[in-house]
Amino acid sequence: MIRVIMLLVLVWMTPMISWATEVVKDVSGQKVEVNADQLKRGKRLFNTHCSACHVGGITKTNPNIGLDLESLSLATPARNNLDALVDYMKNPTTYDGSESIAQIHPSIASSDIFPKMRDLSEDDLYAIASHILTQAQIQAEKWGGGKIYY
């Protein structure tokens, strides 16, 4: 009887339990907490705005560079934190950071060419970046791993 009551209480309380994870916010390594609602929103926005070229964390136009943490950290500047990914979504540059690729990569800077980017707010960009960074933690080598996993 007690087990049944405990199970019922657990089932009743599950929606009230708040789930969150931490992601790196900036180059100093400061971490911020991201809740489940932000991650769901980030996933939805990623799927509608980014997944045509980045499904599963890959980059269809250049399979050598994915959205996995290793690739993000080796970019110049490193893009393995929230602020850097948001900056990239605003003003994308080549992997070595030497020149802008806003004319060929959807971004806020090129929203006249890529209309889907017009409706994204700053919070939306942070939600997408949170999704990217947490997928790299959750899916590990599958995120950005390419054809061998999909």
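Every value quoted in this text rests on a predicted model; they were computed, and no experiment measured them.

A. Main features of the packing of aromatic side chains. Taken as a whole, this structure holds one aromatic pair when the rule is applied. Ring centres of Phe-46 and Trp-143 lie 5.8 Å apart, and the angle between their planes is 50 degrees; this geometry places the pair in the tilted category. Placement of Phe-46 in helix 2 (residues 36–49) and of Trp-143 in the segment after helix 6 (122–138) is noted, with a sequence separation of 97 residues between them. Here Phe-46 falls in the buried class, since its relative accessible area comes to 3%.

B. Just helix 5 (residues 82–90), in detail. Residues of helix 5 that are buried: Leu-82, Ala-84, Leu-85, Val-86, Tyr-88 and Met-89. Along its buried surface, helix 5 packs onto strand 1 (20–24), strand 2 (31–35), helix 4 (69–74) and helix 6. Sitting at the head of helix 5, Asn-81 places a side-chain oxygen 3.3 Å from the backbone nitrogen of Asp-83.

C. Main features of the nonpolar core. Among the nonpolar cores identified, the biggest contains 22 residues, and Phe-46, Leu-85, Met-89, Ile-128 and Ile-132 are the most heavily contacted of them. Where this core is concerned, the elements lending two or more residues are helix 2, helix 5 and helix 6. If you tally residues by element for this core, the top one is helix 6, at seven residues. Other than its neighbours up to four places away in sequence, Phe-46 contacts Ser-51, His-54, Leu-67, Ile-128, His-131, Ile-132 and Trp-143.

D. Representation of the UniProt feature "binding site: heme c" in the protein chain within the structure. Under the present numbering, the feature "binding site: heme c" in UniProt falls on Cys-50, Cys-53, His-54 and His-105. In three dimensions, the annotated residues from a span of 56 residues occupy one location, with a maximal C-alpha spread of 11.6 Å. Looking at the element boundaries, His-54 is found in helix 3 (residues 51–54). Looking at the element boundaries, His-105 is found in the loop between helix 5 and helix 6. When near neighbours in sequence (up to four residues on either side) are disregarded, His-105 contacts His-54, Tyr-88, Pro-92, Ser-110 and Phe-114.

About the criteria used
Residues numbered from 1 in each chain as written. Predicted model: local features only at pLDDT ≥ 70, side-chain atom pairs only at ≥ 80, totals over all residues. Heavy atoms only, no water. Phe/Tyr/Trp six-rings, centres within 6.5 Å; stacked < 30°, edge-to-face > 60°. Helix = DSSP H or I, 4+ residues; strand = E, 2+ residues; numbered from the N terminus. Buried < 20%, exposed > 50% of the residue type's maximum accessible area, 1.4 Å probe, protein only. Contact = heavy atoms within 4.5 Å. Polar contact = N/O pair within 3.5 Å; in protein donor to acceptor, adjacent residues only side chain to side chain. Core = buried A, V, L, I, M, F, W, Y, C linked by side-chain atoms within 4.5 Å. UniProt positions renumbered as here; feature names shortened; annotations may be inferred.

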